[in-house]
Every structure is written in C-alpha cells, then in structure tokens.
Amino acid sequence: MITVQIVLFDGFDLLDAIAPYEVFCSASMHIDNALTVELVTAEGPRSVTSGINGLKIEANGTLDPARPGIILVPGAAGEVEGDGPNSIPAILGRAMNTELTTMIRAALEHKNVVVATVCGGSLLLAMGGLLEGRAAVTHRLGMELLGATGAIPVPARVVDDGNLVTGGGVTSGLDVALYLVERELGPRIAHAVEQLFEYERRGTVWREDGIEPGTPHVLTDNESNIVKNQSVVTSAPIHNQNTEASLFAGNWDATIATPVGKLEVKLCITTSNNVIEGTATQGDETIAFLNPVFYNNKLTWSLAITKPMRLNLKFEVGADGDQMSGIAKAGLLPASKLTGKRIN
C-alpha cells in the first residue's frame, strides 16, 4: 500500500493540491486501490481555508512524517505584490512557523518517504531551512528568492533530487504527480492516467545524472581577431572612503519590518585601516557581515539569517548622526524597511 499525504495550510493554492489529488486518485483506480490519498494538516483534521476566494476544504487527517509514501506540499495563493498579511510570502511564512516545518524535516530523514512540492511549496520548505544545498524549482517569480535561501534553483518544470521532488508554476502539480506515479508505479500506470486526463506531462524532469552539458562556442574568424586585438583593461583603484564610512561605526539597535513580522537585530560595525567589518546579533545568534562595502554614502552588506526564516538578505543603509535607515531585500521579495539607533 502506497500512501500519499497532501498537506493543507491556511491560504494554500487549490490547484497545487487538488490537481495532484486527482492524479493520485486516478492512479489508484488502476492498481486495485493499492494507493491511498489523504488530505492532512500539521494540526490534525480541520476545515482549511484556501487562498482562492476563501474556499474551505476539509482535511481529515494529521500529517505523519514517518509513514512510507509521498508527502506533497502545495504553495500559497495570495497577493503577488506588496508585503501585506495576504501576500504570498506572508502566507508561506505563517505556515512555516507551524509544526509543519518540523514535520517535513523529520520526513526528509526517512528513506521510505518522498517529499514533493508544487509551486511555492518549495519556498515554504526553503524558508524553514530545509532545502539548503538541494536542487529545487518553484514558480518563476520566486526563483531568485529560492536561491536566497541557500537552495540550488534549477529552471526546469520538475526537479528530482532523490527524496525531494519539486515542481515549478501552479499547473506543474499535474506534472509532479504524473512523474511520481511513473517513478513509483511505472510508466504504464502514468500513461493510463494521462490518457484519462487527456494531458501529456510537460518538460524533461531534471536530475543530477548523466553527462553535464557544456557551453561550446566556436569563434568566427572575426571574433578571433577581436579577441587577439583587445587590450587588457584594469579597474581604477578605489579611493579611500574610510573617513565617511566611520559614520557607521558603533553599536546599533535595528528593526527590520519583514512581511512575517518585525525582526529586532543588534548591529556592531567597525571601520579601521580601510576595512569595514560588522556583525548582526539576533537572540543568541551572531552572524558576520558578508562583503560590506561603503559607496555613495551608503553601507551595503549581505547577511545569511535563519530567523524568522532562512534567507540571504542584502542590506543598504544610510546614517544621519545616530539614526540609521535603509532596506533589507531577498530576491524578488518586497524590500523590508530597516530603522536603527546608535546606542554607543
């Protein structure tokens, strides 16, 4: 018996969940019901409000991360732009902050469990720190954000990374489910479902297998001459701006207004011998600035944070006396406002 658990959370996208549900149910009819499909939540049986017109769907089970089979996580439906409570990042952030993240982490540790996602479902896992270093795909608008979480974004329709299978945009739920049917039950069952649905799976499933493609390019005679005649160009030396950068030196209490709540951070910035260094402390975690640069009266740096979600943030701030203001940004997420005050 193969079990498929489709996880629902408030604000989930209907098609992300229901399209795979139908595929798996249809596959079950071809194997004498040796496959069961269940709608579950991290909290247990309940009515779940989707992100499409508030339509409610009944989940009749509790997610069991140790049960052999497939666990499928859909994405969210909400506002694409902005950082309000109904934006997709905010919906995913609320789902991430439930027991779902802990449960999926446990599921990924079981060799008999395959975790699959559709659309923003991979972002939900990635924001919880579950996909670092793993190949995955999401909706095209979220690929930059996926990379900012430490995952390896692959621009394919479906990406197979062993016990993790991810799909791109909303309709890729059909492709993810059909691929899993083929992978787990064989191509004849998958073909029978395709015939019933009158739908053929799209795209080549990406796997880290086989010969790695190169990027060959044969220079034309004209291009060869251009290369031979090009002179070496070196960048101009960077003028010393250490004096201006010292305006940022000190300890700062900063607040970042993210789509999933305010983030309180203590910044410690030093400037000495033309070197800018800094750390950010949140709770008991202190992280060093990555590549801090002072340019045009702005201080920029990157920071790999883990709370309230795992993201690589890029900061750009200015200082006016003991007041700091600027932005923090990850991928295509709306920029979060940063404000700070120097405390010494």
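Predicted model, so just to flag it, every value in this text is computed and none were measured.

Novice: Help me out: how do you make sense of the environment of G150 in this one?
Specialist: Mapped onto the fold, G150 is located in the loop between α5 (143–148) and β9 (152–153). Owing to a relative accessible area of 24%, G150 belongs among the partly exposed residues under this scheme. A sequence separation of 17 residues divides G150 from G133, and the C-alpha atoms of the two residues are 6.0 Å apart. In this structure G150 touches L131, E132, G133 and N312, once residues within four positions along its chain are discounted.

Novice: Would you mind going over the confidence of the model for the protein chain with me for this structure?
Specialist: Low pLDDT marks regions whose predicted coordinates should not be analysed in detail. Taken residue by residue, the protein chain gives an average pLDDT of 88. The fraction at 70 or more is 89%. Low pLDDT (under 50) marks residues 226–241, which in the prediction has five contacts with non-local residues, meaning those over four places away or in another chain.

Novice: Which parts of the structure should I look at to understand the nonpolar core?
Specialist: Looking at soluble globular proteins, one finds that nonpolar side chains tend to be buried together. Core analysis: the biggest nonpolar cluster contains 101 residues, and L8, F9, F24, I104, L124, L125 and L267 have the highest contact counts within it. By residue number, the principal contributor to this core is helix α6 (residues 172–185), which donates seven residues. If sequence neighbours within four positions are ignored, F24 has contacts with V4, L35, V37, I70, L72, A177, L180 and V181.

Novice: Any chance you could explain the packing of α6 against helix α7 (residues 187–197) here in plain terms?
Specialist: How two helices sit against one another is set out by the angle between their axes and by the gap between those axes. Running from N to C, α6 and α7 point in directions that differ by 150 degrees, and their axes come no closer than 6 Å. Across the interface between the two elements, L174, L178, V181, E182 and L185 from α6 touch P187, I189, A190, V193, E194 and F197 from α7. When the residues that make up the contact of α6 with α7 are grouped by side-chain class, the tally is nine nonpolar, no polar and two charged.

Novice: Looking at this model, I keep getting lost on helix α2 (residues 88–96). Mind explaining?
Specialist: Because an α-helix completes one turn every 3.6 residues, residues spaced three or four positions apart along the sequence face the same direction. Of all nine residues in α2, seven are buried; the element is thus mostly enclosed. Burial in α2 covers these residues: P89, A90, I91, L92, G93, A95 and M96. Of the surrounding secondary structure, the elements contacted by the buried residues of α2 are α3 (100–108) and α4 (121–127).

Novice: It is not clear to me how the sheet that holds strand β1 (residues 2–7) should be interpreted in this structure. Could you clarify?
Specialist: Strand pairs in the sheet, formed through backbone hydrogen bonds, run parallel or antiparallel to each other. The eight strands are arranged β5-β2-β1-β6-β7-β11-β10-β12 in an open sheet whose pairing can be described as mixed. The open sheet is flanked by β5 (61–62) and β12 (206–207), the only strands paired with a single partner. In this sheet, strand β6 (residues 69–73) lies alongside β1 in parallel orientation, the contact comprising four bridges. By the bridge assignment for β6, Q5 is matched with I71. Against the sheet, helix α1 (residues 14–29) makes contact with β1, β2 (35–41) and β6, and its axis sits at roughly 155 degrees relative to β2, the strand it touches most.

Novice: I tried to follow the pairing of β6 on my own but got confused; where do I start?
Specialist: The side chains of a regular strand alternate, first on one face of the sheet and then on the other. Summarising burial for β6: five of the five residues are buried, a large majority. Sheet topology places β6 next to strand β7 (residues 113–117); five bridges connect them, and they run parallel. Of the residues in β7, the one forming a bridge with V73 is T117.

Novice: Looking at this structure, I do not really get the pattern of salt bridges. What am I missing?
Specialist: Any two side chains of opposite charge can pair, given that their charged atoms come close. Counted under the stated rule, the structure contains eleven salt bridges. Between R67 and E38 there is a salt bridge; the shortest N-O distance is 3.2 Å. Of this pair, R67 sits in the loop between β5 and β6 while E38 sits in strand β2; the two residues are 29 residues apart in sequence, bridging distant segments of the chain. In this structure, the salt-bridge partner of D161 is R134, at a minimum N-O distance of 2.8 Å. Here the residue D161 occupies a position in the loop between β10 (158–160) and β11 (164–167), and R134 occupies one in the loop between α4 and β8 (135–136), the gap between them amounting to 27 residues. Residue D161 shares its accessibility class with R134, and that shared class is buried. Residues joined by salt bridges that share partners form a network here, namely D10, E43 and R46.

Novice: Which parts of the structure should I look at to understand the pairing of strand β20 (residues 323–329)?
Specialist: Of the strand pairs in this sheet, strand β19 (residues 311–320) and β20 are connected by seven bridges, and their pairing is antiparallel. Bridge assignment links D320 to a residue of β20, and that residue is Q323. The hairpin formed by β19 and β20 contains two residues between the paired strands, and G321 there has a positive phi angle of roughly 65 degrees. Pairing of β20 with strand β21 (residues 336–342), which is carried by six bridges, proceeds in the antiparallel orientation. In the strand pairing of β21, G326 is matched with L338.

Novice: I would appreciate a short explanation of unusual backbone geometry in the present structure.
Specialist: If a residue is not glycine, its phi is most likely negative; likewise, a peptide bond is most likely trans. You will see that N53, though not glycine, has its phi angle at about 60 degrees, which is positive. Position of N53 relative to the elements: it lies in the loop between β3 (46–49) and β4 (56–59). A positive phi angle, near 55 degrees, is found at E198, a position not held by glycine. Turning to its location among the elements, E198 is positioned in the loop between α7 and β12. Classification of E198 as exposed rests on a relative accessible area of 76%.

Quick notes on the rules
- Residues numbered from 1 in each chain as written.
- Predicted model: local features only at pLDDT ≥ 70, side-chain atom pairs only at ≥ 80, totals over all residues.
- Heavy atoms only, no water.
- Helix = DSSP H or I, 4+ residues; strand = E, 2+ residues; numbered from the N terminus.
- Buried < 20%, exposed > 50% of the residue type's maximum accessible area, 1.4 Å probe, protein only.
- Contact = heavy atoms within 4.5 Å.
- pLDDT = per-residue confidence, 0-100.
- Core = buried A, V, L, I, M, F, W, Y, C linked by side-chain atoms within 4.5 Å.
- Axes fitted to C-alpha atoms, helices over the stretch in contact; angles between N-to-C directions.
- Nonpolar A, V, L, I, M, F, W, Y, C, P; charged D, E, K, R; others polar.
- Pairing = 2+ DSSP bridges.
- Salt bridge = Lys/Arg side-chain N within 4 Å of Asp/Glu carboxyl O.

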